[in-house]
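So you can see what is in the structure, the chains are spelled out below.
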Amino acid sequence: DLTPSSVAHIWYDFHAECKGGRWDRLNHLLEEVTPTLNKHGYFCAVPKSRHCGYGASWELVSLQDGIVRTNCMDCLDRTNVVQSMFGRHILYRQLHQRVGLSKVTKRDRLGHGTMSPSLGRRERTLPLECTVGYKQRPLALPWSEGEAAHRLLWADNADAIS
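Computed from a predicted structure; not experimentally measured.

Scoring rules and cut-offs
- Residues numbered from 1 in each chain as written.
- Predicted model: local features only at pLDDT ≥ 70, side-chain atom pairs only at ≥ 80, totals over all residues.
- Heavy atoms only, no water.
- 1 Å grid on protein atoms, 1.4 Å probe; cavity = no way out; pocket = protein on both sides within 12 Å on 5 of 7 lines; lining within 4 Å.
- Points joined across faces, edges and corners; volume = space filled by probe spheres on them.
- Helix = DSSP H or I, 4+ residues; strand = E, 2+ residues; numbered from the N terminus.
- Nonpolar A, V, L, I, M, F, W, Y, C, P; charged D, E, K, R; others polar.
- Phe/Tyr/Trp six-rings, centres within 6.5 Å; stacked < 30°, edge-to-face > 60°.
- Buried < 20%, exposed > 50% of the residue type's maximum accessible area, 1.4 Å probe, protein only.
- Contact = heavy atoms within 4.5 Å.
- Core = buried A, V, L, I, M, F, W, Y, C linked by side-chain atoms within 4.5 Å.

Engineer: Could you clarify how one ought to interpret the layout of surface pockets in this entry?
Structural biologist: A water-sized probe, rolled over the atoms, reveals where empty space remains. Reported here for the largest pocket is a volume of approximately 1,200 Å³. Lining the largest pocket are 31 residues, with Ala8, His9, Ile10, Val68 and Arg69 positioned closest to its centre. Of all the elements in the fold, those that place two or more residues in the lining of the largest pocket are α1 (14–17), α2 (26–40) and α3 (76–97). When residues of the lining of the largest pocket are assigned to their parent elements, the largest contribution, five residues, is made by α2. Considered class by class, the residues forming the lining of the largest pocket number 15 nonpolar, ten polar and six charged. Of the pockets and cavities examined, the second largest pocket occupies roughly 420 Å³. Forming the walls of the second largest pocket are 18 residues, and the residues nearest its centre are Val81, Ser84, Arg88, Leu139 and Arg151. Going through the elements one at a time, α2, α3 and α5 (144–161) are the ones with two or more residues in the lining of the second largest pocket.

Engineer: What's the story with the packing of aromatic side chains in this structure? I'm lost.
Structural biologist: The description of two aromatic rings rests on the distance between their centres and on the angle between their planes. What the rule picks out here adds up to two aromatic pairs. For the pair phenylalanine 14 and tryptophan 23, a centre-to-centre distance of 5.7 Å together with 70 degrees between the ring planes defines the contact as edge-to-face. The exposure class of phenylalanine 14 is buried, given its relative accessible area of 10%. When its relative accessible area of 46% is taken as the criterion, tryptophan 23 is described as partly exposed. Aromatic side chains tyrosine 92 and tyrosine 134 sit 4.0 Å apart centroid to centroid with 10 degrees between the ring planes, which places their arrangement in the stacked category. Of this pair, tyrosine 92 sits in helix α3 while tyrosine 134 sits in helix α4 (residues 128–136), and the two are 42 residues apart along the sequence. The residues tyrosine 92 and tyrosine 134 share a single accessibility class, namely buried.

Engineer: For this particular structure, what's the right way to read the side chain of histidine 40?
Structural biologist: Relative to the elements of secondary structure, histidine 40 occurs in helix α2. Setting aside chain neighbours within four positions, we find histidine 40 in contact with Leu63, Gln64, Asp65, Gly66, Ile67 and Val68.

Engineer: Please explain the nonpolar core as it appears in this structure.
Structural biologist: Considering soluble globular proteins, one finds that nonpolar side chains tend to be buried as a cluster. One finds Leu26, Leu29, Val82, Met85 and Phe86 to be the most contacted residues of the largest nonpolar core, which totals 21 residues. For this core, the secondary structure elements donating two or more residues are α2, β1 (44–47), α3 and α4. Those residues within four positions of valine 82 in sequence are excluded, and the remaining contacts are Phe14, Leu26, Leu29 and Thr70.

Here is the structure:
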């Protein structure tokens, strides 16, 4: 059920904040929105067997419980920059958690939202330098090939739908 309290409005003046090429100031917006992104979770289904072709059985691991709508009054490019930042954050979480690939016990899997870090024991799923790298620079994936792939995929998708 949607209630007035379930919809949040976050004002961010992209033009003023990032004036003069200060893209690093987007960190402030990401820090503010991260709790909401984490609460929303993401959709994840994993194959029940190694064969994941047509007709394969899949296990639903988590659901996405919300959306983030971004609107820039005068520039679609700025809207796209912000959405790609949010997408990058979720992609990093997916790769970091690697649900279905990591050693997670059955009781760790929730029916919706995100994995509960308080249940069960989990091993680190990304190398430590990637985890530290992303915490230090959350506006880019911590490995250059991943960041380049994310940018190309994002641009190709934008071209395809426009």
